[in-house]
Structure formats: C-alpha cells, structure tokens
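Notes for the structure review
The chain contents come next:
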Amino acid sequence: QVQLVESGGGLVQAGGSLRLSCAASGRTFGTYAMGWFRQAPGKEREVVAAISRSGGSTYYTESVKGRFTISRDNAKNTVYLQMNSLKREDTAVYYCAADRRNSGYSTQLGSYEYWGQGTQVTVSS
C-alpha cells in the first residue's frame, strides 16, 4: 500500500506557474505508474497527465499540452506537475494517484488504486 500527499497548490494569476508535488510513502514507488487528475466544481474528475513507472512514457490531456509537464523522481518517491501559462479553466482540486497494475500508464480513473487528498489550484484573471 502507498500513501500519497500532494503539495504546491495555491492562488495564482492567469499566465502564472505552479509546481505540484506528490510524495509517496514506501519503498516501491518505482513500481507504480502515476497520474495527475483534477476536479472542478460541478464537474467530473478528469485525467490531466500520466507517467509510466520509469518516466519514459507520458500522457497529457489536450487542454494542457505544451503548458504542463509531468515528471517523477523515483529516488525521492515523488511525482511532479509543472504548470505554466495557467488559465482560469485550470482552476480545480488536483489529485495524484498511483496505479500498480499497468506497466505503461493509464488515463482511466478506475485503474488507479491509491489517491492523495488533493490540493486546490485557483487561477484568477
């Protein structure tokens, strides 16, 4: 089992940047594919980005391509989401999640077994 703790959220003006971190407990972090999801008020949780166990494969939802970067440091048990050129529509609670079953990455919520508590990102105009 793994526990996930997100940090780095906050209030930022449109066009600004934030870097989210997700720290995982345990010694098996490198066996989990990781994903970042977000949920805005009144909307369903959606995948933002995902990364394979080694970090060699990544996925981005269309709306964040070219602006967000997912990365991981397996030695530090941490996955990151660098968010640049933020827009108001990026406002949401951001969650990281861990998937032990897929060797690559998954974009499906149901594939992820473990979730963090979420961190709020608010982008003002």
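A short tour of the structure in this document, coming up. Residues take numbers from 1 onward in each chain, read along the sequence in its written order. Where totals are concerned, whole chains, interfaces and linings use all residues; where local detail is concerned, this predicted model gives features only for residues with pLDDT of at least 70, and gives and counts side-chain atom pairs only at 80 or more. The side-chain quantities take in all heavy atoms of the structure and omit both hydrogens and water.

The next thing to look at is the sheet that holds strand β8 (residues 78–83). In a beta sheet, neighbouring strands are held together by backbone hydrogen bonds and run either parallel or antiparallel to one another. Think of it this way: DSSP has to see at least two bridges between two strands before they count as a pair. Strands here mean DSSP runs of E at least two residues long; helices mean DSSP runs of H or I at least four residues long; both are numbered from the N terminus. Spatial ordering of the open sheet is given by β1-β3-β8-β7, a layout of four strands whose pairing is antiparallel. Every interior strand has two partners, whereas the edge strands, β1 (4–7) and β7 (68–73), have only one. Strand after strand, the sheet turns through a mean of 15° between neighbouring axes, direction not considered. An axis is simply a line fitted to the C-alpha atoms; with a helix, the fit covers only the stretch in contact. Between two such axes, the angle follows the N-to-C directions and lies from 0 to 180 degrees.

Here we come to the packing of aromatic side chains. Two rings from Phe, Tyr or Trp (for Trp, the six-membered ring) form a pair when their centres are within 6.5 Å of each other. A pair whose planes differ by under 30 degrees is stacked, one over 60 is edge-to-face, and the rest are tilted. Throughout the structure, instances matching the rule amount to five aromatic pairs. Only when the NZ of Lys or the CZ of Arg is both within 6 Å of the ring centre and within 35 degrees of the ring normal is a charge said to sit over the ring. The residue whose ring lies beneath Arg45 is Trp115, and the NZ or CZ to ring-centre distance is 5.0 Å.

Moving on: the pattern of salt bridges. Once the charged atoms of two side chains with opposite charge are near each other, the side chains can pair. Every case where a carboxyl oxygen of Asp or Glu lies within 4 Å of a side-chain nitrogen of Lys or Arg is listed as a salt bridge. According to the stated counting rule, one finds five salt bridges in the structure shown. The salt bridge partner of Glu113 is Arg101, with a shortest N-O separation of 4.0 Å. Placement of Glu113 in the loop between β9 (92–99) and β10 (114–115) and of Arg101 in the loop between β9 and β10 is noted, with a sequence separation of 12 residues between them.

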